[in-house]
Amino acid sequence: NAGVTQTPKFQVLKTGQSMTLQCAQDMNHNSMYWYRQDPGMGLRLIYYSASEGTTDKGEVPNGYNVSRLNKREFSLRLESAAPSQTSVYFCASSVVRNTEAFFGQGTRLTVV
Amino acid sequence: RKEVEQDPGPFNVPEGATVAFNCTYSNSASQSFFWYRQDCRKEPKLLMSVYSSGNEDGRFTAQLNRASQYISLLIRDSKLSDSATYLCVVSDNDMRFGAGTRLTVKP
């Protein structure tokens, strides 16, 4: 039972570099999410996808892009990383929006 | 005012104690409520949903008070394995997470 799988688990980037965080779920869920978690703050929604080919901005979308090419996969791209993007990133999925969400193991990203 | 507020703790309690966490939310139109558990350096996992009538799962009891806009989580007979951060989640159109309450259960 893989559930939600994220890669990589850890990453260090230099300011200005780009990277893509990958996420895949095998639960046939429609909704997928990308969150970031910072100390002292709750998880904040970056982007949401209700279904293949659709994406919506969340609370903190600036500096990020996403792609939902199929039902299983939802990727998050940082085009030009900034130190303010140092965070723990979680991908999640749920049957539909606002139902129980299942999370990936997280990606710890440091931008120096 | 934050949309979802929790006492950050930490709560340090002995094994066997009863501990309660509260969470307040600002959007009266919120419709779904959850408690998640997050272990150190791990992903959040659903502990329980919170229903209007209140619900219980073993040693855990969740309550919702819509009039006062808060939800609560009661843990009875605390175990060492209950040590974690407990996240309150409130949903209107989006799921909004509290910053979490940290619980440490000591022998």
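Because the structure is predicted, anything quoted here is derived from the model rather than measured. (Residues numbered from 1 in each chain as written. Chains lettered and ligands numbered in written order. Predicted model: local features only at pLDDT ≥ 70, side-chain atom pairs only at ≥ 80, totals over all residues. Heavy atoms only, no water.)

Draft legend 1. Up close: the overall build of chain A. Helix and strand counts for chain A stand at zero helices and 11 strands. For chain A, the N- to C-terminal ordering of α and β elements is β-β-β-β-β-β-β-β-β-β-β. Taken over the C-alpha trace, chain A has a radius of gyration of 13 Å; the compact-globule value for 112 residues is 13 Å, and the two agree within 12%. Taking the principal axes of its C-alpha atoms as reference, chain A extends roughly 35 × 25 × 25 Å. Relative to its 112 residues, chain A shows a buried fraction of 47%. (Helix = DSSP H or I, 4+ residues; strand = E, 2+ residues; numbered from the N terminus. Rg over C-alpha atoms; globule rule 2.2 N^0.38 Å. Buried < 20%, exposed > 50% of the residue type's maximum accessible area, 1.4 Å probe, protein only.)

Draft legend 2. Molecular detail of the sheet that holds strand β8 (residues 75–78) of chain A. Residues and elements named next belong to chain A. Taken in spatial order, the four strands of this open sheet run β1-β3-β8-β7, and their pairing is antiparallel. At either margin of the open sheet sits one strand with a lone partner, and together these are β1 (4–7) and β7 (64–67). Neighbouring strand axes in the sheet, compared pairwise and without regard to direction, differ in orientation by 20° on average. (Pairing = 2+ DSSP bridges. Axes fitted to C-alpha atoms, helices over the stretch in contact; angles between N-to-C directions.)

Draft legend 3. The arrangement of the state of the cysteines in detail. Residue and element names in this part refer to chain A. Scanning the model with the defined rule gives two disulfides over all chains in all. The partner cysteine of Cys23 in its disulfide is Cys91, sulfur to sulfur 1.8 Å. Its torsion about the S-S bond being -75°, the disulfide of Cys23 and Cys91 is classed as left-handed. Here Cys23 is found in strand β3 (residues 19–25), whereas its partner Cys91 is found in strand β9 (residues 87–94), with 68 residues between them in sequence. Residue classification places Cys91 among the buried residues on the basis of a relative accessible area of 0%. (Disulfide = S-S within 2.5 Å.)

Draft legend 4. Up close: the pattern of salt bridges. Residues and elements named next belong to chain B. In this structure the tally under the stated criterion is 11 salt bridges over all chains. Close ionic contact of Glu3 with Arg96 constitutes a salt bridge, the shortest N to O distance being 2.8 Å. Taken together, the positions of Glu3 in the segment before β1 (4–6) and Arg96 in strand β10 (residues 95–97) put the pair 93 residues apart, joining distant regions of the chain. Residue classification places Glu3 among the partly exposed residues on the basis of a relative accessible area of 37%. (Salt bridge = Lys/Arg side-chain N within 4 Å of Asp/Glu carboxyl O.)

Draft legend 5. Quick peek at the environment of Leu43 of chain A. Looking at the element boundaries, Leu43 of chain A is found in the loop between β4 (31–37) and β5 (44–51). On a C-alpha basis, the gap between Leu43 of chain A and Val88 of chain A in space is 9.4 Å, while along the polypeptide they are 45 residues apart.

Draft legend 6. Local environment of the interface of chain B and chain A. Taken residue by residue, the interface counts 19 residues in chain B and 18 residues in chain A. Contact between chain B and chain A buries roughly 1,600 Å² in total, counting both sides, with carbon and sulfur atoms accounting for 49%. Among the residues chain B hides against chain A, the three largest losses belong to Glu43, Met95 and Phe97 of chain B. Together they make up 31% of the total. Summed over the shared surface of chain B and chain A, the result is one salt bridge. For the salt bridge of Arg97 of chain A with Asp94 of chain B, the shortest nitrogen-to-oxygen distance reads 2.2 Å. (Contact = heavy atoms within 4.5 Å. Buried area = accessible area lost by both parts, 1.4 Å probe.)

Draft legend 7. Just the pairing of β7 of chain A, in detail. Residues and elements named next belong to chain A. A one-sided burial pattern is seen for β7, the buried positions being Tyr64 and Val66 and the unburied ones Asn65 and Ser67. One ladder, built from four bridges, connects β7 with β8; its direction is antiparallel. Directly across from Tyr64, in β8, lies its bridge partner Leu78.

Draft legend 8. Geometry of unusual backbone geometry. Looking along the chain, the bond that leaves Thr7 of chain A and enters Pro8 of chain A is cis, with omega of -5°. Its location among the elements puts Pro8 of chain A in the loop between β1 and β2 (10–13). Pro10 of chain B follows Gly9 of chain B through a cis peptide bond whose omega is 10°. Structurally, Pro10 of chain B is set in the loop between β1 and β2 (11–14).

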